[in-house]
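Observations on the three-dimensional arrangement
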Amino acid sequence: MILQISSGMGPVECRVAVAGILRRLKEEYPDIQIIQANPGEIPNNSYSSVIFSTESDLHHLVGTMQWICKSKYRKWAKRKNWFVDVSEIPEFGGVPAHMIAAGDIKVETLKSGGPGGQHVNKTETGVRATYLPLNISVVCTRTRSQHQNKEIALERLGSVIHHLHVEEFTANKKTAWKKQYDIVRGNPVRIYEGEDFKLKES
């Protein structure tokens, strides 16, 4: 599936929260592949939004996530609660692969591995599809069939391209894209605490 973590219109702490939560999710789900990351003002430690793919079912993470931490970027700020949005980008209904210029897509094969590097596939059945104009890549290692992985990767890539084009269109029309601007701050699906982003047990 494809997910996006967004800081919306929040302050710098929300962009730091996106980076910190992403790090924790990558530890929890090592197969996460970054498709696009829009950096924030803190180098290597903040993102306004990140789009990533995973073979794991993360529907339970869709919603609002909360980070509880005193700001070290604006020491006068009394607020300690920062919120980010996690939304799913549908993998189907995007730009069909045949409608994308062939010269704009680069397809590469790679070896697929099982959980934790076990059951490594000796043949290159995994596929990475890159949309060259935007330099975004999608990886699929879901099946042992290179052909099926290629189809899935191209479908995912089409979905992401469609999503980014919609985002650009709404921005150009000065229409607030809901997921970027309207973050619900109640009932977070997860709460992280402190600078080490420790997951708070529910």
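Up top is the structure these notes are about.
This section reports on the structure supplied with the text. (Residues numbered from 1 in each chain as written. Predicted model: local features only at pLDDT ≥ 70, side-chain atom pairs only at ≥ 80, totals over all residues. Heavy atoms only, no water.)

**A word on the overall build of the chain**
Along the chain, the regular secondary structure elements total three helices and 10 strands. Counting helices and strands in the order they occur from the N terminus, the chain gives β-α-β-β-β-β-β-β-β-α-α-β-β. Expressed as a percentage of the 202 residues in the chain, the buried residues total 42%. (Helix = DSSP H or I, 4+ residues; strand = E, 2+ residues; numbered from the N terminus. Buried < 20%, exposed > 50% of the residue type's maximum accessible area, 1.4 Å probe, protein only.)

**What to know about the pattern of salt bridges**
Within this structure, the stated rule accounts for nine salt bridges. Put simply, Arg-15 and Glu-41 hold a salt bridge, and the shortest N to O gap is 2.7 Å. You can see Arg-15 sitting in helix H1 (residues 12-28) and its partner Glu-41 sitting in the loop between strand S2 (33-39) and strand S3 (47-53), a full 26 residues away along the chain. Relative accessible area serves as the criterion here: at 16%, Arg-15 is assigned to the buried category. In this structure, Lys-106 engages Glu-108 in a salt bridge whose closest nitrogen and oxygen atoms are separated by 3.8 Å. Under the relative-accessibility criterion, Glu-108 is labelled partly exposed at 28%. (Salt bridge = Lys/Arg side-chain N within 4 Å of Asp/Glu carboxyl O.)

**What to know about the sheet that holds S3**
Strand order in the open sheet made by the seven strands is S2-S3-S1-S5-S4-S9-S10, with mixed pairing throughout. With one partner strand each, in any of the chains shown, S2 and strand S10 (198-199) form the two edges of the open sheet. Alignment of S2 against S3, held across six bridges, turns out to be antiparallel. Bridged to Ala-37 within S3 is Val-50. (Pairing = 2+ DSSP bridges.)

**Thoughts on the nonpolar core**
Ranked by size, the top nonpolar core spans 25 residues in total, and within it Ile-5, Ile-21, Leu-25, Phe-52 and Trp-67 carry the most contacts. At the level of secondary structure, the elements contributing two or more residues to this core comprise strand S1 (2-6), H1, S3, strand S4 (63-68) and strand S5 (81-89). Ranked by the residues each element gives to this core, the list is headed by H1, at eight residues. Look past the residues within four positions of Ile-5 in its chain and what remains in contact with it is Val-18, Ile-21, Leu-22, Leu-25, Ser-48, Ser-49, Val-50, Phe-52, Val-84, Asp-85 and Val-86. Judged by nonpolar contacts, the second largest core, of 19 residues, contains Ile-35, Ile-89, Ile-105 and Ala-129. (Core = buried A, V, L, I, M, F, W, Y, C linked by side-chain atoms within 4.5 Å. Contact = heavy atoms within 4.5 Å.)

**Comments concerning the environment of Asn-187**
As for its position among the elements, Asn-187 is in the loop between helix H3 (178-181) and strand S9 (190-193). The spacing of Asn-187 and Gln-66 is 121 residues in sequence and 9.2 Å in space, taken between C-alpha atoms.

**A word on the sheet that holds strand S8 (residues 136-140)**
With respect to topology, three strands assemble into an open sheet ordered S6-S7-S8, the strand pairing being antiparallel. The sheet is open, and its two borders are formed by strand S6 (105-110) and S8, each paired with just one other strand. When strand polarity is set aside, the average angle formed by the axes of neighbouring strands in this sheet is 20 degrees. Where S6 lies against strand S7 (residues 126-131), six bridges are found, and the strand directions are antiparallel. In the sheet register, Ile-105 faces S7, and the bridge partner there is Tyr-131. (Axes fitted to C-alpha atoms, helices over the stretch in contact; angles between N-to-C directions.)

**Focus: the side chain of Ser-46**
Mapped onto the fold, Ser-46 is located in the loop between S2 and S3. Residue class for Ser-46 comes out buried when judged on its relative accessible area of 1%. When near neighbours in sequence (up to four residues on either side) are disregarded, Ser-46 contacts Arg-15, Val-16, Ala-19, Pro-39, Gly-40 and Glu-41.

**Focus on the packing of aromatic side chains**
Throughout the structure, instances matching the rule amount to two aromatic pairs. Here the aromatic rings of Trp-67 and Phe-197 are separated by 4.5 Å at their centres, their planes lie at 15 degrees, and the arrangement is stacked. One end of the pair, Trp-67, is in strand S4; the other, Phe-197, is in the loop between S9 and S10, and 130 residues separate them in sequence. Note on accessibility: Trp-67 and Phe-197 belong to one class, buried. An aromatic cluster of at least three residues, connected via ring pairs, comprises Trp-67, Tyr-192 and Phe-197. (Phe/Tyr/Trp six-rings, centres within 6.5 Å; stacked < 30°, edge-to-face > 60°.)

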